[in-house]
Amino acid sequence: MDIIELLKFEHAIFRIRFYFLEKIDDPWQELEAVHNFIVNVHAKMEDLYVFKDIPEAKPYSNDHKLIEKYGDSIIKEKRKEWLPRYVKIVLDHNLNEEKYIFPKVKEKKGLALDIIEQYGFENYQKMTGIDIRDF
C-alpha cells in the first residue's frame, strides 16, 4: 500500500464515520476524534508528503486550514446544525483530491509512518480498523 491508497482508504473511513455521526444524538466525542484525526494525521500526511510536490495542490492545502477552523468552531460552540455543512465540505474536498490531485502523483510514495507514530499506532487502528505496521 502506498500513501495514495492509504489516503483513499481514510477517505472511505470518513464517509462511514460521518454517516453514523449524523445519526447519533450526542456526536461530540466522535466528531472531536474524527476531526482531530483529519487535522493531525490525514491532512498533515497530504500536506507534507503529497501536496508539496504538486503546485496545483496549494488550494487543497489551504482548505485544510479552513476545515480545521470550521471544525474547531463547531466543536467549541457545540453547533450541531453546522455539522452537515462540515461533513459536506470535508467529503467534497476529499472527492476533488481524488479526482484532480491524486492522479498527478507520479511515483509511489511510502507510508507516512512518522505522522502515524506521533498520533499513536493504537489510536490509528481505533480510527481506521487497520494496524498500519502490517503493511
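The text that follows walks through the structure, step by step, so that each part is easy to find. (Residues numbered from 1 in each chain as written. Predicted model: local features only at pLDDT ≥ 70, side-chain atom pairs only at ≥ 80, totals over all residues. Heavy atoms only, no water.)

**Description of the overall build of the protein**
The helix and strand inventory of the protein stands at six helices and zero strands. Here the C-alpha atoms of the protein give a radius of gyration of 15 Å, agreeing with the 14 Å that 2.2 N^0.38 yields for 135 residues. Taking the principal axes of its C-alpha atoms as reference, the protein extends roughly 45 × 30 × 20 Å. Carbon and sulfur atoms provide 53% of the accessible area of the protein, an area that totals close to 7800 Å². Across the protein, the centroid of the 22 positively charged side chains sits 4 Å from that of the 26 negatively charged ones. (Helix = DSSP H or I, 4+ residues; strand = E, 2+ residues; numbered from the N terminus. Rg over C-alpha atoms; globule rule 2.2 N^0.38 Å. Areas by Shrake-Rupley, 256 points an atom, 1.4 Å probe, with all protein chains shown as cover. Lys, Arg positive; Asp, Glu negative; His and termini not counted. Charge placed at Lys NZ, Arg CZ, Asp CG, Glu CD.)

**Things to note about helix 4 (residues 83-101)**
In a regular helix each residue adds 1.5 Å, so 19 residues correspond to 27 Å; helix 4 covers 26 Å between its end C-alpha atoms and thus fits that length. Turning to helix 4, the residues buried within the fold contact helix 1 (3-21), helix 2 (28-50) and helix 3 (58-77). (Expected span 1.5 Å × (residues − 1). Contact = heavy atoms within 4.5 Å.)

**Comments concerning helix 3**
In this model helix 3 runs 29 Å from its N-terminal to its C-terminal C-alpha over 20 residues, within 8% of the 28 Å that 1.5 Å per residue would give. Listed in full, the buried residues belonging to helix 3 are Tyr60, Ser61, His64, Ile67, Gly71, Ile74 and Ile75. Looking straight down helix 3, one finds that the buried residues subtend no more than 135 degrees of arc, so they occupy a single side. Exposed and facing more than 90 degrees away from the buried side of helix 3 are Lys58, Leu66, Lys69 and Lys76. Those residues of helix 3 that are buried are in contact with helix 2 and helix 4. Lysine 78 lies just past helix 3 and shows a positive phi near 50 degrees. (Buried < 20%, exposed > 50% of the residue type's maximum accessible area, 1.4 Å probe, protein only. Arc of directions from axis to C-beta.)

**Some points on the pattern of salt bridges**
The tally for this structure, following the rule as stated, stands at eight salt bridges. With its nearest N and O atoms 2.4 Å apart, the salt bridge here joins glutamate 30 to arginine 17. Here glutamate 30, found in helix 2, pairs with arginine 17, found in helix 1; they are 13 residues apart in sequence, far enough to count as distant. By sharing partners, the salt bridges in this structure join Glu77, Arg79 and Glu81 into a single network. (Salt bridge = Lys/Arg side-chain N within 4 Å of Asp/Glu carboxyl O.)

**Concerning a nonpolar patch on the surface**
On the surface, Ile16, Tyr19 and Phe20 cluster together to form a nonpolar patch covering roughly 340 Å² of accessible area. Assignment of secondary structure puts phenylalanine 20 in helix 1. (Patch = residues over 30% accessible without salt bridge, like charges linked within 9 Å, V, L, I, M, F, W, Y side chains within 5 Å.)

**Thoughts on the packing of aromatic side chains**
Each aromatic ring pair is characterised by the separation of its centres together with the angle its planes make. Tallied over the full model, the rule gives nine aromatic pairs. Pairing tyrosine 19 with phenylalanine 20 gives two aromatic rings, centres 5.1 Å apart and planes at 85 degrees, and the pair type is edge-to-face. Judged by relative accessible area, tyrosine 19 falls into the partly exposed class, the value being 48%. Summarising the aromatic geometry, the rings of tyrosine 70 and tryptophan 82 are spaced 6.1 Å apart at their centres and angled 20 degrees between planes, so their arrangement reads as stacked. On the criterion of sequence distance, the pair formed by tyrosine 70 in helix 3 and tryptophan 82 in the loop between helix 3 and helix 4 is long-range, its members being 12 residues apart. (Phe/Tyr/Trp six-rings, centres within 6.5 Å; stacked < 30°, edge-to-face > 60°.)

**Thoughts on the nonpolar core**
In terms of nonpolar packing, the biggest core is built from 38 residues, with Phe18, Met45, Tyr86 and Tyr124 touching the most fellow members. The set of elements that each furnish at least two residues to this core consists of helix 1, helix 2, helix 3, helix 4, helix 5 (113-119) and helix 6 (121-128). Sort the elements by how many residues they give to this core and helix 2 lands first, with eight residues. Those residues in contact with phenylalanine 18 that lie beyond four places of it in its chain are Val34, Ile38, Tyr86, Val87, Val90 and Leu91. (Core = buried A, V, L, I, M, F, W, Y, C linked by side-chain atoms within 4.5 Å.)

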